[in-house]
Amino acid sequence: MRSGTDAEPGGTVSQQTVLPRGVLVLLGMACMVVVVAGMRGVAGLIGPVFLALMLTVTVSPITSWLRRKGAPVWVAVTAMVVVVYAILLGLGAALAVSVAQLINLMPKYAPQFAQLRDQIVSGLDGLGISTQQLQDAVAGADPHTVVALIEGLVGGLAGTLSSTIFLLAVLLFMCLDTVAFPQRLLATTGERPQVVGALRSFAQGTRQYLWVSTVFGLIVAVIDAGMLWALGVPLPLLWGLLSFITNYIPNIGFVIGLIPPALLGLLQGGPELMLTVVLLYCVVNFVIQSVIQPKIVGNAVGLSATVSFLSLIFWAWVLGGLGALLAIPLTLLAKGLLVDIDPTTRWMNALLSSDPPATKEPTEEAPPEIDDEPAPDEEPARSQS
């Protein structure tokens, strides 16, 4: 550690101790571990809160638009609450009906499952594995296994939607606060401009990402459902709904939505139908989600592919299935609170972004300028290293 002396008014000299930069980094990482462990411990509580926050941020322009048109406050709040509740209840009802249809359908494929098990055992018998070992390995493969798989895929979202009372209450209070929140931000701008700028950047990026993902999710869902219907795969509407939900999961969302219809195609029409489903899914989802959608989103998200994938793994580990669905918005929130809020840390955006802005090479005579200078009363403390 090193120390520095500062002269105080009246001639008094005070000695200030400054920790080395490495120690500060280690302390920050230790605090982050404690925070993440706490979030994982109460994932069932904060998961619905994050979902309510993202929904509120997404539909908040409705309130602003109605207020600009001269609508009373209660009308704007009521419209926002109705829209949010309709989204949740409609999604929950569609999931419940679709899963119920799947549960009723799967017992009809019991003979196909038995035949598939026999084919796997006979095909792998020549690899040196005994028939008894193979039979024990595939003994659990039955229609109930597929039902359990589907329930696991949608379990994170369905579990959150099942906490109806708590989630709806949180949404109600957030919608009530949304009307006056812009004025609160405006009143805070003079004293904390960096905080207000970070919150606005988070809200704008999250809103644009969720709206674009919703539009492209609907496009993918319609195409996938129509394609499966044309191929004769059962329950095309369920798989279209699953494609819509998994569109919010970055990088691997379409793979998760592909597994159930591909397996059902194998039972319905054999390997040929399964390969056709896999091929068409890959073509449709690659073109839309990997080529077109990123160009439309542009720099709204500001996260590279590696950061998006790591955020998916991290938030899924912390919050479960709901964390996977909200991985990008939650990462934008964390970036806004930890990076964008402080001008001295905004250089990290160039490392996190997929398309960093062009910058001039720093020189000794003219060091690079910071985009947003802090307020005079918020000059960041300079530590000696």
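Residues numbered from 1 in each chain as written. Predicted model: local features only at pLDDT ≥ 70, side-chain atom pairs only at ≥ 80, totals over all residues. Heavy atoms only, no water.

Visitor: Help me get a handle on the overall build of the protein, residues and values and all.
Guide: Summing up its helical and strand segments, the protein has 16 helices and two strands in all. Partitioning the intrachain contacts of the protein with sequence separation of at least 6 by distance along the chain shows that 70% fall at a separation of at least 24. When the accessible area of the protein is evaluated, it comes to approximately 21800 Å², of which 67% is carbon and sulfur surface. (Helix = DSSP H or I, 4+ residues; strand = E, 2+ residues; numbered from the N terminus. Contact = heavy atoms within 4.5 Å. Areas by Shrake-Rupley, 256 points an atom, 1.4 Å probe, with all protein chains shown as cover.)

Visitor: Now, about helix H9 (residues 193-231): what can you tell me, with residues and values included?
Guide: With 39 residues, H9 extends 56 Å between its outermost C-alpha atoms, agreeing within 8% with the 57 Å of an ideal straight helix rising 1.5 Å per residue. One or two steps after H9, the chain reaches Gly-232, where phi turns positive at roughly 85°. (Expected span 1.5 Å × (residues − 1).)

Visitor: Please provide a residue-by-residue account of the packing of aromatic side chains, values included.
Guide: For any pair of aromatic rings, the description consists of the separation of the ring centres together with the inter-plane angle of the planes. Scanning the entire structure with this criterion turns up two aromatic pairs. For the pair Phe-244 and Tyr-248, a centre-to-centre distance of 5.7 Å together with 85° between the ring planes defines the contact as edge-to-face. Each member of the pair Phe-244 and Tyr-248 is classed as buried. When the centroid spacing of 5.0 Å and the interplanar angle of 75° are considered together, the rings of Phe-314 and Trp-315 count as edge-to-face. Owing to a relative accessible area of 32%, Phe-314 belongs among the partly exposed residues under this scheme. (Phe/Tyr/Trp six-rings, centres within 6.5 Å; stacked < 30°, edge-to-face > 60°. Buried < 20%, exposed > 50% of the residue type's maximum accessible area, 1.4 Å probe, protein only.)

Visitor: I'd like a rundown of the packing of helix H3 (residues 73-105) against helix H10 (residues 236-246), residues and numbers included.
Guide: Packing of H3 against H10 brings their axes to within 10 Å, and their N-to-C directions diverge by 135°. With respect to their mutual orientation, H3 and H10 come out oblique. Crossing angle aside, the handedness with which H3 passes H10 is left-handed. Mapping the contact onto sequence places Leu-91, Ala-94, Leu-95, Ser-98, Val-99 and Leu-102 in H3 and Leu-238, Trp-239, Leu-241 and Ile-245 in H10. Along the lines of polarity and charge, the residues of the contact of H3 with H10 split into nine nonpolar, one polar and no charged. (Axes fitted to C-alpha atoms, helices over the stretch in contact; angles between N-to-C directions. Parallel < 35°, antiparallel > 145°, perpendicular 65-115°, else oblique. Left-handed = near helix turned anticlockwise from the far one by under 90°. Nonpolar A, V, L, I, M, F, W, Y, C, P; charged D, E, K, R; others polar.)

Visitor: Explain the packing of helix H8 (residues 181-188) against H9 residue by residue, including any values.
Guide: A pair of packed helices is captured by two measures, namely the crossing angle of their axes and the spacing between those axes. Running from amino to carboxyl end, H8 crosses H9 at an angle of 145°, the nearest separation of the two axes being 8 Å. Of H9, the residues touching H8 (which contributes Leu-185, Leu-186 and Thr-188) are Pro-193, Val-196, Leu-199 and Arg-200. Per-class residue counts for the contact of H8 with H9 are five nonpolar, one polar and one charged.

Visitor: Describe the layout of surface pockets, and please don't skip the residues or the numbers.
Guide: As a volume, the second largest pocket reaches approximately 780 Å³. Around the second largest pocket sit 26 residues that line it, and Ser-60, Thr-178, Phe-181, Pro-182 and Leu-185 are the ones nearest its centre. When contributions to the lining of the second largest pocket are tallied by element, the ones reaching two or more residues are helix H2 (43-68), helix H7 (164-178), H8, H9 and helix H15 (327-340). Element by element, the count of residues in the lining of the second largest pocket is highest for H2, at nine residues. Residue composition of the lining of the second largest pocket, by class: 14 nonpolar, seven polar and five charged. (1 Å grid on protein atoms, 1.4 Å probe; cavity = no way out; pocket = protein on both sides within 12 Å on 5 of 7 lines; lining within 4 Å. Points joined across faces, edges and corners; volume = space filled by probe spheres on them.)

Visitor: I'd like a rundown of a nonpolar patch on the surface, residues and numbers included.
Guide: On the surface, Ile-252, Val-255, Ile-259, Phe-309, Leu-310 and Ile-313 cluster together to form a nonpolar patch covering roughly 490 Å² of accessible area. Counting only elements with at least two residues in the nonpolar patch, the list comes to helix H11 (253-269) and helix H13 (305-319). With respect to the helices and strands, the residue Val-255 is situated in helix H11. Judged by its relative accessible area of 37%, Val-255 falls in the partly exposed class. (Patch = residues over 30% accessible without salt bridge, like charges linked within 9 Å, V, L, I, M, F, W, Y side chains within 5 Å. Salt bridge = Lys/Arg side-chain N within 4 Å of Asp/Glu carboxyl O.)

Visitor: Please provide a residue-by-residue account of unusual backbone geometry, values included.
Guide: At Leu-235, a residue that is not glycine, the phi angle is positive and equals roughly 55°. Along the chain, Leu-235 falls in the loop between H9 and H10.

Visitor: How would you explain the environment of Phe-314 if you had to name every residue and give the values?
Guide: Relative to the helices and strands, Phe-314 resides in helix H13. Here the alpha-carbon distance between Phe-314 and Ala-327, two residues 13 residues apart in the chain, equals 8.1 Å.

Visitor: Go over the environment of Phe-216 with me, naming the residues and quoting the values.
Guide: Relative to the helices and strands, Phe-216 resides in helix H9. Distance in space between the C-alpha atoms of Phe-216 and Ile-292 is 9.3 Å, their sequence separation being 76 residues.

Visitor: For the nonpolar core, give the residues involved together with the corresponding values.
Guide: With 51 residues, the main nonpolar core has Phe-50 and Leu-319 as its most contacted residues. Counting 17 residues, the second largest nonpolar core, distinct from the first, contains Leu-105, Leu-258, Ala-262 and Tyr-281. (Core = buried A, V, L, I, M, F, W, Y, C linked by side-chain atoms within 4.5 Å.)

Visitor: Lay out empty space enclosed by the protein in plain terms, naming residues and giving numbers.
Guide: Remark: the empty space left among the atoms is shown by a probe the size of a water molecule rolled over them. Across all of its chains, the model carries one cavity of 30 Å³ or more by this definition. Its volume calculated, the largest cavity comes out at about 30 Å³. What lines the largest cavity is Val-220, Asp-224, Ser-243, Thr-246, Asn-247, Gly-253, Phe-254, Gly-257, Tyr-281, Asn-285 and Gln-289. Contributions of two or more residues to the lining of the largest cavity are made by H9, H10, H11 and helix H12 (271-297).

Visitor: For the confidence of the model for the protein, give the residues involved together with the corresponding values.
Guide: Here the protein averages 74 in pLDDT, while 70% of its residues score no lower than 70. When pLDDT is averaged over each element of the protein, H10 comes out on top at 86 and strand E1 (residues 2-7) at the bottom at 48. Across residues 1-5 the pLDDT falls below 50, and counting only partners more than four positions away or on other chains, this stretch makes 18 contacts in the model. (pLDDT = per-residue confidence, 0-100.)

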